[in-house]
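Secondary and tertiary structure notes
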Amino acid sequence: MSRLSHIVAWASRPGICGGQPLFGRNAPLRSIARAGRPSHAFMFIAVVLLIQASSPAAPTTVPAKGGKPREAIGQAGCVRDECHASVRNYAVVHGPVGVNACDACHELADAQSHTFRFVREKVQMCTYCHEFDVSAMPVVHKPVKEGQCLGCHDPHGGTNKALIRENSIEELCNRCHEKITTGKTFLHAPVKQGACDSCHPAHASRFPKLVDLAGPDLCLACHEEFAASMAKVKFTHKALEKGCEKCHDVHGSKHANATTQPIIAQCGGCHEKVTTAARAARYPHTPVMSDERACTNCHTPHGSSLAKLVSDSPDKLCMSCHKTEQKTNRGYVVPAVAELMDEKLTKHGGIKDGSCAGCHVAHGSNQQLFLTRHYSKIFYQKFSPQQYELCFSCHDLKLVTEEKTAKLTNFRNGERNLHTLHVRDTKERGENCRVCHNNHSGDNAVIVRPSITYGTWTMPIRYTKTQTGGSCYPGCHPIYRYDRSVPVKNVIGVATTAPAVASIVGERPSGVTIDMSDVLGRTVKGPDGSNAPIVVAAMRADQVKETDDVLARLQATLKDASAARMIVIVNGATAAARAASLASSRQSIQFIADADGSMCGELEVHGFPTVLVLRGDGLETARIAGEAETLSVRLPPYLDLAAGKITPAGATTRISAPDIVADSKTARDIRMIERLLDTAKADDAMELLMKLPDGALPAWRHNLLGARALMGLNRWPEAKDAALTALQQQQSEREIHAVLGQIYEHEQDWPHAAAEYRAANSAR
């Protein structure tokens, strides 16, 4: 084939120079290097080649192996094993090299020394064939501006059709530009694949940073589905007006979704007021502050058809977590409220409209349970509007303060307002709203609950509605009826429902937080960051002997538990004086005065003394109520449980063991008799009772335990005699009246049974 044929064949190949036609205007706008000039350049080159072809062909002599030629040789001899073999050692070979057209770029300067010179200067060497004009582009890549084509391209060949010098576009760019993937966990897909040219034309662009398009248009060129979804939303995030780079690093990030910062900081850059309030809240909402997704758990970051860019209706959004129990970072369990999604139930307040924000602050609050206003959880308390700020933000205060009404409430007997009777008129023992009403929903129009937890007892409410009134038969009083049209006169009596025996639990799903000062001005914190168990003892200021006994037992028991801390809450009108007196001689114990009972109420303490055993993180492990002598037996296993030394099963075994070492055998036997009677083992209880030494128990108590044992043995007449004897010996003991009530109830002597139950209710 003649030289002319070789050159024409090379110039006509469609795959020359990166797979594009050598001449013409087939290159897209974004690839400036491929833009063409008028095709008359082809005619110019063709004429030159024809002139050269008319001259005599150069000799095709090939020099001997190992030496340089000393005369002009044919181009077919340039590339061979001995000479210039590497110029074809590429995955993709430059067109002229592939057809031995070396003289397209090189011409012989001196045959004797076998030296050559370029046929053109610098950039013209490339642009003579590769028509290339970036003069209209405002942003030109520096190597292009300086004519350094060979800085990126190898003139003989390369790893791809662009003939780049490196193995990949990524390696080529990283040679000059700092590696953008360093320290980034989440990479943009094109970056991960090393496809820098997906967004950046290599030579020139109309926009800064050599990008194809401006602002969001560049992102939407690939993310078409995003543009389609945003066209459907009603509310658009204002941040989008400043482009995607306002929130995202276009190359990659340490954070999910390639955000420039953690989500909470990202959102806080604009929504500073919200995030500042959330951080400052005494009770921050875990999904907002402690979750990697943070704000995006509830809000869509780009746009939504719902106000405030929430991703779903508020009730469904809350229920995505709260349909099941939620354990907080500190181990507390937030009960499930799946009933909110039950369409058959009556919903409270804003819940009917699918909103929880009427009572709760979504981001966090200074009130427990993220409430918008204060709402006391104390079971019994003296009425004060401040204790029920949350309720009275919607409900009329007159519901409680107006004794007579014909329209404020349907809960009235004639015009007697029964809310006032329960909440205000019972003085120090006014019932909390939650005693009777559920907070969220219920199976009746007024959301009266079926039961309420009182300590360890699940107390029934048993509310029934009639057309003009209703009735209530809870555990705290006998059945009372009311009627708005014809007032009912109820006979005062006592309840017939008794609490069930509480079982030993390994861990109560509630947490205790204490942050205040004791009577000596010292800070009291619980938890305090350590793992040491905390013992909290609640006592009455007017129970001097009981308080002294409990403190003595606690100090003796905790003597060997050096890591355990002790906090004592003194309750009652004279709490401050009593706590100060106790603290003066017991510096190692922190005493807190609780004159109004608010702290004991928050802790759900209704009887005194009560001892709470807390883990180091504030989680309640156990609560012990009763006589002081039981503390030395029951407290150590619970302390070991709180310290993680034993399992709940191990604590139960130790507490239940009949041979546990206590103060004396007699004391152990008395406790065992009580336990046997509680577990329906009357035979064993009677046998042990008969073995007690004289004087081990007061006479009335000995007869009372005997009556209980005889009842268990179905010896009712003897049980009655023993109980009546006990009553003669101690007429004010309520347990004796309760036992007699059961005996008369067994005999179906209802008047006497009712009288004894009433006496039990009124006795101290």
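Strand order in the open sheet formed by 5 strands is 30-29-28-31-32, and the pairing between neighbours is mixed. A strand with exactly one partner marks an edge of an open sheet, and here the two such strands are strand 30 (590–594) and strand 32 (620–625). Geometrically, the sheet is characterised by an average inter-axis angle of 20° between neighbouring strands, direction not taken into account. As paired strands, strand 28 (residues 534–540) and strand 31 (residues 610–614) are joined by 5 bridges and run antiparallel to one another. Pairing of Ala 538 across the sheet is with Thr 610, part of strand 31. Lying over the sheet, helix 19 (residues 544–558) contacts strand 28, strand 29 (565–571), strand 30 and strand 31, oriented at roughly 170° with respect to strand 28. Contacting strand 29 and strand 30, helix 20 (residues 575–583) crosses the sheet at an angle of about 170° to strand 30.

Moving on, we come to the packing of aromatic side chains. Tallied over the full model, the rule gives 8 aromatic pairs. Where Phe 379 meets Tyr 380, the ring centres are 4.9 Å apart and the plane angle is 75°; that geometry is what we call edge-to-face. When the ring of Phe 383 is compared with that of Tyr 388, the centres are 6.0 Å apart and the planes differ by 15°; the resulting orientation is stacked. A cation over an aromatic ring shows up here: Arg 429 above the ring of Tyr 380, its NZ or CZ 3.9 Å from the ring centre. A cation over a ring is seen here: Arg 462 above Tyr 473, with NZ or CZ 3.9 Å from the ring centre.

Another aspect to go through is the nonpolar core. Counting 31 residues, the largest nonpolar core has Ile 673, Ile 736, Val 739, Leu 740 and Ile 743 as the members making the most contacts within it. Elements supplying a minimum of two residues to this core: helix 24 (665–678), helix 25 (682–690), helix 26 (699–712), helix 27 (716–729), helix 28 (734–746) and helix 29 (750–762). The element that contributes the greatest number of residues to this core is helix 26, accounting for 7 residues. Once residues within four sequence positions are removed from consideration, Leu 740 is found in contact with Lys 720, Ala 723, Leu 724, Leu 727 and Glu 756. Core analysis: the next-biggest nonpolar cluster, separate from the first, contains 30 residues, Ala 541, Val 570, Ile 589 and Leu 641 among them.

Our next topic: the sheet that holds strand 23 (residues 463–465). With antiparallel pairing, the 3 strands of this open sheet are ordered in space as 23-24-25. The sheet is open, and its two edges are formed by strand 23 and strand 25 (480–483), each paired on a single side. Across the sheet, the axes of successive neighbouring strands diverge by a mean angle of 15°, strand direction being ignored. Two strands pair when backbone bridges link them, and strand 24 (residues 469–472) and strand 25 are joined in this way by 4 bridges, in the antiparallel orientation.

This paragraph deals with the packing of helix 26 against helix 28. Taken N-terminus to C-terminus, the directions of helix 26 and helix 28 make an angle of 25°; their axes are 11 Å apart at the nearest point. As the angle between them shows, helix 26 and helix 28 are arranged roughly parallel. Like other packed secondary-structure pairs, helix 26 and helix 28 cross with a definite hand, here left-handed. Contacts from Trp 700, Arg 701, Leu 704, Ala 707, Arg 708 and Met 711 of helix 26 reach helix 28 at Glu 735, Ile 736, Val 739, Gln 742 and Ile 743. A breakdown of the residues in the contact of helix 26 with helix 28 according to their chemical character gives 7 nonpolar, 1 polar and 3 charged.

Looking now at the layout of surface pockets. In this structure, the second largest pocket encloses a volume near 650 Å³. For the second largest pocket, the lining is made up of 21 residues, of which Tyr 380, Glu 428, Arg 540, Asn 571 and Gly 597 are closest to its centre. The set of elements that each furnish at least two residues to the lining of the second largest pocket consists of strand 16 (380–381) and helix 21 (598–602). Of the residues forming the lining of the second largest pocket, the biggest block, 3 residues, is contributed by helix 21.

A few words on helix 26. Its 14 residues give helix 26 an end-to-end C-alpha distance of 20 Å, which sits within 8% of 20 Å, the value for a rise of 1.5 Å per residue. Counting buried positions along helix 26 yields 10 of 14 residues, so the element is predominantly enclosed. Note on helix 26: the residue one or two positions beyond its end, Asn 714, has a positive phi of about 65°.

Another aspect to go through is the pattern of salt bridges. Across all of its chains, the model carries 21 salt bridges by this definition. A single salt-bridge network, built from bridges that share partners, covers Glu 403, Arg 416, Arg 424 and Asp 425.

Let us look at unusual backbone geometry. With a phi close to 60°, Asn 100 is a non-glycine residue in the positive phi region. Tracing the backbone shows Asn 100 in the loop between helix 4 (95–98) and strand 2 (106–110). A positive phi angle is found at Arg 462, which is not glycine, with a value near 55°.

Examined bridge by bridge, strand 31 and strand 32 share 5 bridges and lie antiparallel to one another. Across the sheet, the residue bridging to Thr 610 is Ala 625, located in strand 32. The turn linking strand 31 back onto strand 32 is made up of 5 residues, and Gly 618 within it adopts a positive phi angle of 95°.

Reading the values: rules and limits
- Residues numbered from 1 in each chain as written.
- Predicted model: local features only at pLDDT ≥ 70, side-chain atom pairs only at ≥ 80, totals over all residues.
- Heavy atoms only, no water.
- Pairing = 2+ DSSP bridges.
- Helix = DSSP H or I, 4+ residues; strand = E, 2+ residues; numbered from the N terminus.
- Axes fitted to C-alpha atoms, helices over the stretch in contact; angles between N-to-C directions.
- Contact = heavy atoms within 4.5 Å.
- Phe/Tyr/Trp six-rings, centres within 6.5 Å; stacked < 30°, edge-to-face > 60°.
- Lys NZ or Arg CZ within 6 Å of the ring centre and 35° of its normal.
- Core = buried A, V, L, I, M, F, W, Y, C linked by side-chain atoms within 4.5 Å.
- Buried < 20%, exposed > 50% of the residue type's maximum accessible area, 1.4 Å probe, protein only.
- Parallel < 35°, antiparallel > 145°, perpendicular 65-115°, else oblique.
- Left-handed = near helix turned anticlockwise from the far one by under 90°.
- Nonpolar A, V, L, I, M, F, W, Y, C, P; charged D, E, K, R; others polar.
- 1 Å grid on protein atoms, 1.4 Å probe; cavity = no way out; pocket = protein on both sides within 12 Å on 5 of 7 lines; lining within 4 Å.
- Points joined across faces, edges and corners; volume = space filled by probe spheres on them.
- Expected span 1.5 Å × (residues − 1).
- Salt bridge = Lys/Arg side-chain N within 4 Å of Asp/Glu carboxyl O.

In short, shape yes, function no, at least from these values alone.
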